[in-house]
Amino acid sequence: MKPPVIDLFCGIGGLSLGAARAGFRLALAVDKEPVLLDVHKLNFPGFAHSDADVSGLRGSDLLTAARLTQGTLAGLIGGSPCQGFSRIGKRDRGDRRNFLFGHFFRLVSEVRPAFFVAENVPGILDSRNNGLVDEAQKCVRGVYQLLDPIILDASDFGAPTIRKRVFFIGYLPECVEAL
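How each quantity is defined
- Here the residue numbers are simple positions, counted from 1 along each chain's written sequence.
- Given that the model is predicted, a residue must reach a pLDDT of at least 70 before its local features are reported, and side-chain atom pairs must reach 80 or more before they are shown or counted; all residues, however, enter totals for whole chains, interfaces and linings.
- In computing side-chain properties, one takes all heavy atoms of the structure into account and sets aside hydrogens as well as water.
- Here a strand is any run of E in DSSP of at least two residues, a helix any run of H or I of at least four, and the numbering for each starts at the N terminus.
- Helix span, expected: 1.5 Å multiplied by one less than the number of residues in the helix.
- Buried, partly exposed and exposed residues are distinguished by accessible area as a fraction of the type maximum, computed with a 1.4 Å probe on protein chains only: under 20%, between the cut-offs, and over 50%, respectively.
- Along the arc lie the directions from the helix axis toward the C-beta atoms.
- Here an angle of 0 to 180 degrees is reported between the N-to-C directions of two axes, which are lines fitted to C-alpha atoms, with helices fitted over the stretch in contact.
- Should an angle fall under 35 degrees it is taken as roughly parallel, and over 145 as roughly antiparallel, whereas 65 to 115 is taken as roughly perpendicular and any remaining angle as oblique.
- Left-handed is the label given to a crossing in which the near helix is rotated counterclockwise from the far helix by less than a right angle, and right-handed is the label when the rotation is clockwise.
- Working rule for contacts: check all heavy atoms of both residues, and any pair within 4.5 Å makes them a contact.
- Ten residues, namely Ala, Val, Leu, Ile, Met, Phe, Trp, Tyr, Cys and Pro, are considered nonpolar, four, namely Asp, Glu, Lys and Arg, are considered charged, and the remaining ones, Gly among them, are considered polar.
- For Phe, Tyr and Trp, rings pair up if their centres lie within 6.5 Å, where Trp contributes its six-membered ring, and each pair is then called stacked (planes under 30 degrees apart), edge-to-face (over 60) or tilted (otherwise).

**What about helix α4 (residues 100–111)?**
Think of an α-helix as turning once every 3.6 residues; residues three or four places apart then point the same way.
Then, in step 1: With 12 residues, α4 should cover 16 Å at 1.5 Å per step; its first-to-last C-alpha distance of 16 Å lies within 8% of that length.
Then, in step 2: Those residues of α4 that sit buried are L100, F101, F104, F105, L107, V108 and V111. In an axial view of α4, the angular spread of the buried residues amounts to 155°, which keeps them on one side of the axis.
Then, in step 3: R112 sits one or two positions beyond α4 and adopts a positive phi of about 50°.

Pasting the structure below:
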């Protein structure tokens, strides 16, 4: 059986597809935007979906919806909304969607997956967002091994677009075998 992952802010399924191609089983996909969730359902038929607002979810809600128990989730992945972090547009520090980034990490601390991957635009690393990022990661620091944020460009991986994204990755040391 493939190890399960949950995709928060799943959109139409970019991270879900990457996880599936990497050998994981999509246990649950969550997005509160109906159009995005409908497209995800078309792209990933037969998988569990939820239209819940991540800010109101508890870890136990996620595990129940995914039909998993504590300690069995391999990964929590997700790309929270980026509008407030984008270097174009309003760059609104008060955009309530910005705080969904913190809810992702709160849920990591509650469900304790073996690893997590959070994706966003490079603007999230701008100094004006340092406090928000630090506060979000506070609830996993000391429990998870955190990698430095990694910026990748889709064009370096064969995509016909220049699309840079930053990835925040962490893992439970006890779940990773020494090489």
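**Notes on the packing of α4 against helix α5 (residues 130–138)**
Then, in step 1: With their axes 8 Å apart at the nearest point, α4 and α5 run at an angle of 20° to one another. Regarding the angle of α4 to α5, the classification is roughly parallel. Classified by chirality, the crossing of α5 by α4 is right-handed. Contacts between α4 and α5 involve F101, G102 and F105 from the first element and L132, V133, A136 and Q137 from the second.
Then, in step 2: Residue composition of the contact of α4 with α5, by class: 5 nonpolar, 2 polar and no charged.

**Some words on α5**
Then, in step 1: The set of residues buried in α5 consists of V133, A136 and Q137. All buried residues of α5 lie within an arc of 90° about the axis, which places them on one face of the element.
Then, in step 2: At its buried positions, α5 is contacted by α4, β6 (145–146) and β8 (164–171).

**Re the packing of aromatic side chains**
Then, in step 1: Overall, the coordinates contain 8 aromatic pairs when judged by the stated rule.
Then, in step 2: Ring centres of F101 and F168 lie 5.2 Å apart, and the angle between their planes is 65°; this geometry places the pair in the edge-to-face category. With F101 in helix α4 and F168 in strand β8, this residue pair connects regions lying 67 residues apart in the sequence.
Then, in step 3: Among the residues examined, F101 registers a relative accessible area of 1% and is labelled buried.
Then, in step 4: For F168, a relative accessible area of 2% translates into the label buried.
Then, in step 5: Taking 5.5 Å as the distance between ring centres and 70° as the angle between the ring planes, the aromatic pair formed by F116 and Y144 counts as edge-to-face.

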